[in-house]
Amino acid sequence: MADLTSDFVGIKSPNPFWLASAPPTDKEYNVRRAYEAGWGGVVWKTLGEEGPPVVNVNGPRYGAIWGADRRLLGLNNIELITDRPLEVNLREIKAVKRDYPDRALVVSLMVPCEEAAWKAILPLVEETGADGVELNFGCPHGMSERGMGSAVGQVPEYIEMVTRWVKQNSRMPCIVKLTPNITDIRKPAEAAKRGGADAVSLINTINSITSVNLDLFAPEPTIDGKGAHGGYCGPAVKPIALNMVAEIARSPETHGMPISGIGGVTTWRDAAEFMALGAGNVQVCTAAMTYGFKVVQEMISGLSQYLDEKGVGLSDLVGRAVPNVSDWQNLNLNAISKAKIDQDLCISCGRCYAACEDTSHQAIAMSEGRVFTVKDDECVACNLCVNVCPVEGCISMERMEVGATDPRTGKVVPAEFGDWTTHPNNPMARAAE
Amino acid sequence: MDARQLAGGIRAGRLEPQALEEGFTDLHPPYDDHEALVAADRCYFCHDAPCATACPTTIDIPLFIRQIATGTPEAAAKTILSQNILGGMCARVCPTETLCEEVCVREVAEGKPVEIGRLQRYATDTVMAQKAHPFERAAPTGKRVAVVGAGPAGLSCAHRLAMKGHEVVILDARPKPGGLNEFGIAAYKSTDDFAAREVDWLLGIGGITLETGKALGRDVTLEGLTAQYDAVFLGLGLGGVNALGIDGDDREGVLNAVDFISELRQAGDLAMLPVGRDVVVIGGGMTAVDAAVQSKLLGALNVTIVYRRSQARMAASAFEQELAQARGVRIICNAMPKAVHGNGAVREIEFEFTDDELTPTGESFRLPADQVFRAIGQSLVTEGLPALDGRKIAVEGPGRTSLPGVWAGGDCAAGGDDLTVTAVAEGRDAAEDIHATLMG
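Going by the annotation in an unreviewed UniProt entry, the name recorded for chain B is Glutamate synthase (NADPH/NADH) small chain, with Alloyangia pacifica given as the source organism.

In the nomenclature of an unreviewed UniProt entry, chain A corresponds to dihydrouracil dehydrogenase (NAD(+)) from the organism Alloyangia pacifica. As recorded by UniProt, the Function (unreviewed entry) comment attached to chain A reads in full: "Involved in pyrimidine base degradation. Catalyzes physiologically the reduction of uracil to 5,6-dihydrouracil (DHU) by using NADH as a specific cosubstrate. It also catalyzes the reverse reaction and the reduction of thymine to 5,6-dihydrothymine (DHT)." UniProt, in the comment section headed Subunit (unreviewed entry), describes chain A in these words: "Heterotetramer of 2 PreA and 2 PreT subunits."

Following this line, the structure appears as structure tokens:
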């Protein structure tokens, strides 16, 4: 079994699967059980400054969207940071860390944008023996209205300033958690780096309304007839998170900066994908909230098996796909593929036909006996048929050989690379040297 | 084992009331809301879906399942009922395993079709429970149509005609409407008096007058009807039962399976219904299975279906055959009856083995029997009808007979399977043709 031991900015854990700062990590009882189930680390649910704790709503705080068989695809929450007294959390953190020295325990923090507030809380956290802090600059509801959370995360200058305060007032590793509710994720990441952050973690939740109650005419979750936007997470946000992780990983300004990947990690495969795009570890919340702590066991066995099969170590996986993340203009226009339907796997549902005929390129023929075949002279290899087919592996994209003639264009498939930057239709094209 | 079950002869009360109730409970219990959503989620919404093509009434199955999945079973019901007004009964009695569900792509892919029949029942039950009738009559046309037979074909035809604004009179020989839905289907497929409730609901369209106890040839003639009405639809059933044509066919205890099934359906108390200890059913269709399984459920100790060809050629579907065998019915194939033995009442029935071409092999055997059911088919009583094609009324296109102004459909018409759903389709299509003809 592959060694999954992880070292993230000096914080060691037996595996790279951490529970994200969220309801599952709000108290000692949960965190102990999470460690027992096998989680490599946790980020304790965000602590606020000393004093009367925040309060939560007393109506529903989650909303969701579902796929087939009511599989939860996206979860939205309007829960705030911990609503338990600071001293209780600190006491529990200390006790847990003492009993589980091999597990990572990072503490998430959110206090007002004043240096004094950070100066006050950091020593208290340090005293617990926690491994590091994560700065919650991402929470998009409630706290942001009070000038914290994503209100900080949306202003790179604030990120840099607060990160600097933290680094100046603590010896602990500092992870800056980023909000996706911005236009260009690279800017806050660069700010964190300038402020001296050891790493960034992303994504925090996305502003969302998951559904509207069509009897009450109010957003859900609805409390006394009203609803407020919440933070969206779960499998549905994974593609957005992957892109943001990749943007930071491949940007020259932030390349190499440690990233803790967050956003819809549900299986070992999701985790491996985040890591291939540059994440040194991953944080999980919705999968645990949907299925319980035990899901980590599949993540551990799956990632181990994958690494064994690939014959690589965990650190070799990190960032391995980053060089292949490119821009559209650099994609090879001379790489020509055609869809191919495996007739042995085809169950003749005809969804590829309906999709292609109604909405794409009329490149699938339906013949006697519900036999579906690709018309190579119409197929542009758009991949829609692959995506709508209910049978995995039934339709695939097959690349045409160099020298063959594309029946759609009548042109020979060239051997050389050719992208938009050199394409004759591009008025900005550079002359090929 | 209980002495009452071991006692020979034809007698009532072989089982405790609770055992009877359990045996005759719904064969496919209705889905609750959760089950319906889980089942509906499995539909792939196929293009030009094979299930819809396989349905004799061409219900848009992917659409109605999607309507269930999105929380609008009422809309689903309308999708079903606009094609098949007896969609509730068809959901219960259709051999879906040889129609829509057989060709479901998930049957092909996984051996587990989307359970279309049960989903259809979920939708139609929802609407019927609301006591709502989802269709409205068109403005009266002043045309009057007689429908002979209140079975699936006649009811379907009458409803469509009434919807188009015609005045319809349905005549049926029996004291109750419904035809085979009411008298001819195993009780566990139509529980809680569903057939009668469905007819009541169907008549909610208005414009239909039902006259029971009126038989064609006895109380009315086709000539009389054509003179009195603008059009006539013949949707009568098969009144004759084929005889075994062997020695002893008339012995006491040798009965028509259809009569047994009908009596059972109309029985107020199943504990009062007599059944033999050793029951032999002769035939290989749905009627044979219905009679055999229900004999077993009434407490018969040994029930045997004997069919003259191989099991693969039985008209009863594989599902029905398995149902019978799971209930403890023995199926003997390639054997044809030779004689019914006994002293007055049947005691034994003798068979000879045959090959699939029905060539006798010379090998014979006897089964003990105190009750024998004939289930080798029914036939049309043909006096006073339009021209025949074989033993049924000849029809062209949407049920046009040799007589102008007379249409026919369902079991009495030539062609098509003798299924409820086929009868519904034929009645509906004839109604559309009658409407087109009358409105010129």
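After that view of the structure, there is still more to cover.
Let us now look at the overall build of chain A. What chain A contains, in helices and strands, is 13 helices and 20 strands. For chain A, the C-alpha radius of gyration of 25 Å lies close to 22 Å, the compact-globule estimate for 433 residues. In terms of overall dimensions, chain A has a C-alpha envelope of 75 × 60 × 45 Å along the principal axes. When burial is assessed residue by residue, chain A has 52% of its 433 residues classed as buried. In the structure as shown, chain A presents an accessible area of about 20000 Å², 51% of it carried by carbon and sulfur atoms. The distance from the centre of the 40 positive side-chain charges to the centre of the 53 negative ones in chain A is 3 Å.

What follows is about the UniProt feature "domain: FAD/NAD(P)-binding" (unreviewed entry) in chain B. The UniProt feature table records "domain: FAD/NAD(P)-binding" (unreviewed entry) at residues 144-427 of chain B. Across residues 144-427 of chain B one finds 26% helix and 28% strand; the C-alpha atoms that close the span lie 16 Å apart.

Once that is clear, we can look at the interface of chain B and chain A. Listed as interface residues are 11 residues of chain B and, on the opposing side, 14 residues of chain A. Summing both sides of the interface, chain B and chain A together bury roughly 950 Å²; the carbon and sulfur share of this comes to 61%. Contact with chain A buries area across many residues of chain B, yet Asp-41, Tyr-44 and His-47 of chain B alone supply 58% of it, more than any other trio. Taken together, the links from chain B to chain A amount to 0 salt bridges. For the side of chain B that touches chain A, the secondary-structure elements that each account for two or more residues are α3 (33-41) and α9 (105-110) of chain B.

The next point concerns unusual backbone geometry. All names here are of chain A. Cis geometry is found at the peptide bond from Leu-202 to Ile-203, where omega equals 10°. Mapped onto the elements, Ile-203 comes out in the loop between β10 (199-202) and β11 (206-208). In the segment running from Glu-220 into Pro-221, the intervening peptide bond is cis, with an omega of 0°. If you trace the backbone, Pro-221 turns up in the loop between β13 (218-220) and β14 (230-233). A positive phi angle, near 60°, is found at Asp-69, a position not held by glycine. In this structure, Asp-69 sits in the loop between β5 (62-66) and β6 (72-77). Notably, Gln-362 is not glycine yet its phi reads approximately 50°, a positive angle. Tracing the backbone shows Gln-362 in the loop between α12 (351-359) and β18 (364-367).

Moving on, we get to the layout of surface pockets. By volume, the second largest pocket amounts to about 820 Å³. Around the second largest pocket sit 29 residues that line it, and Gly-67 of chain A together with Leu-37, Asp-41, Ala-69 and Thr-70 of chain B are the ones nearest its centre. Looking at the lining of the second largest pocket, the elements with two or more residues in it are β5 and β12 (211-213) of chain A together with α3 and α5 (61-69) of chain B. Broken down by class, the residue content of the lining of the second largest pocket amounts to 15 nonpolar, 7 polar and 7 charged.

Turning our eyes to something else, we now look at the domain arrangement of chain A. By the assigned domains, chain A splits into domain 1 (6-324) and domain 2 (329-422). One C-alpha centre belongs to domain 1 of chain A, the other to domain 2 of chain A; they are set 40 Å apart.

Below, the discussion takes up the nonpolar core. Residues Phe-17, Trp-39, Trp-118, Val-176 and Leu-202 of chain A are the most contacted members of the largest nonpolar core, which totals 84 residues. By residue number, the principal contributor to this core is helix α7 (residues 238-250) of chain A, which donates 7 residues. Setting aside residues no more than four positions away along its own chain, Trp-39 of chain A makes contact with Asn-15, Phe-17, Trp-18, Leu-19, Ala-34, Arg-103, Val-284, Ala-288, Phe-293, Val-295, Val-296 and Met-299 of chain A. Ranked by size, the runner-up nonpolar core spans 68 residues in total, among them Ile-347 and Cys-349 of chain A together with Cys-55 and Ala-423 of chain B.

Attention now moves to empty space enclosed by the protein. Taken as a whole and judged by the stated rule, the model has 7 cavities of 30 Å³ or more. Volume-wise, the largest cavity comes out at about 430 Å³. Forming the walls of the largest cavity are 36 residues, and the residues nearest its centre are Ser-21, Ala-22, Lys-177, Asn-204 and Thr-205 of chain A. Top contributing element to the lining of the largest cavity by residue count: helix α9 (residues 286-291) of chain A, with 3 residues. Classifying every residue of the lining of the largest cavity by side-chain character gives 18 nonpolar, 14 polar and 4 charged. Space inside the second largest cavity adds up to approximately 120 Å³. For the second largest cavity, the lining is made up of 15 residues, of which Cys-55, Cys-94, Thr-96, Cys-100 and Gln-120 of chain B are closest to its centre. Looking at the lining of the second largest cavity, the elements with two or more residues in it are α7 (87-93) and α10 (116-129) of chain B. Of the residues forming the lining of the second largest cavity, the biggest block, 3 residues, is contributed by α10 of chain B. Considered class by class, the residues forming the lining of the second largest cavity number 11 nonpolar, 4 polar and no charged.

As a further point, take a nonpolar patch on the surface. A cluster of nonpolar residues, Ile-209, Val-212, Leu-214 and Phe-217 of chain A, forms a patch on the protein surface that exposes about 470 Å² of accessible area. Within the secondary structure layout, Val-212 of chain A lies in strand β12.

On to helix α6 (residues 186-195) of chain A, then. Along α6 of chain A, the positions that sit buried rather than exposed are Pro-188, Ala-189, Glu-190, Ala-191, Ala-192 and Gly-195 of chain A. In this fold, the buried residues of α6 of chain A make contact with α4 (150-153), α5 (156-169), β9 (174-177), β10 and α7 of chain A.

All names here are of chain B. Look at helix α11 (residues 152-163): 16 Å from first C-alpha to last across 12 residues, which is about the 16 Å you get at 1.5 Å a residue. Burial analysis of α11 places 11 of its 12 residues in the buried class, the great majority of the element. Turning to α11, its buried residues are Pro-152, Ala-153, Gly-154, Leu-155, Ser-156, Cys-157, Ala-158, His-159, Arg-160, Leu-161 and Ala-162.

A few words on the sheet that holds β10 of chain A. Residue and element names in this part refer to chain A. Spatially, the 8 strands close up into a barrel ordered β3-β4-β7-β8-β9-β10-β15-β16, and their pairing is parallel. On average, each strand axis in the sheet is inclined to that of its neighbour by 25°, with strand direction left out of account. Note that strand β15 (residues 259-262) and strand β16 (residues 279-284) share 4 bridges and pair parallel. The residue bridging Ile-262 from the neighbouring strand is Gln-283, located in β16.

Residue and element names in this part refer to chain B. Secondary-structure assignment places Pro-386 in the loop between β14 (378-379) and β15 (388-389). Overall, the relative accessible area of 4% leaves Pro-386 in the buried class. Beyond its immediate chain neighbours, meaning those up to four positions away, Pro-386 contacts Leu-222, Leu-234, Ile-393, Thr-401, Ser-402, Leu-403 and Val-406.

Looking now at the side chain of Thr-286 of chain A. Residue and element names in this part refer to chain A. Within the element layout of this structure, Thr-286 appears in helix α9. Residue classification places Thr-286 among the buried positions, given a relative accessible area of 6%. Separated by 3.3 Å, the side chain of Thr-286 and the backbone nitrogen of Gly-234 make a polar contact. In contact with Thr-286, not counting residues within four places along its chain, are Leu-72, Leu-75, Cys-233, Gly-234 and Pro-235.

Reading the values: rules and limits
Residues numbered from 1 in each chain as written. Chains lettered and ligands numbered in written order. Predicted model: local features only at pLDDT ≥ 70, side-chain atom pairs only at ≥ 80, totals over all residues. Heavy atoms only, no water. UniProt positions renumbered as here; feature names shortened; annotations may be inferred. Helix = DSSP H or I, 4+ residues; strand = E, 2+ residues; numbered from the N terminus. Rg over C-alpha atoms; globule rule 2.2 N^0.38 Å. Buried < 20%, exposed > 50% of the residue type's maximum accessible area, 1.4 Å probe, protein only. Areas by Shrake-Rupley, 256 points an atom, 1.4 Å probe, with all protein chains shown as cover. Lys, Arg positive; Asp, Glu negative; His and termini not counted. Charge placed at Lys NZ, Arg CZ, Asp CG, Glu CD. Contact = heavy atoms within 4.5 Å. Buried area = accessible area lost by both parts, 1.4 Å probe. Salt bridge = Lys/Arg side-chain N within 4 Å of Asp/Glu carboxyl O. 1 Å grid on protein atoms, 1.4 Å probe; cavity = no way out; pocket = protein on both sides within 12 Å on 5 of 7 lines; lining within 4 Å. Points joined across faces, edges and corners; volume = space filled by probe spheres on them. Nonpolar A, V, L, I, M, F, W, Y, C, P; charged D, E, K, R; others polar. Domains from an automatic or database assignment. Core = buried A, V, L, I, M, F, W, Y, C linked by side-chain atoms within 4.5 Å. Patch = residues over 30% accessible without salt bridge, like charges linked within 9 Å, V, L, I, M, F, W, Y side chains within 5 Å. Expected span 1.5 Å × (residues − 1). Pairing = 2+ DSSP bridges. Axes fitted to C-alpha atoms, helices over the stretch in contact; angles between N-to-C directions. Polar contact = N/O pair within 3.5 Å; in protein donor to acceptor, adjacent residues only side chain to side chain.

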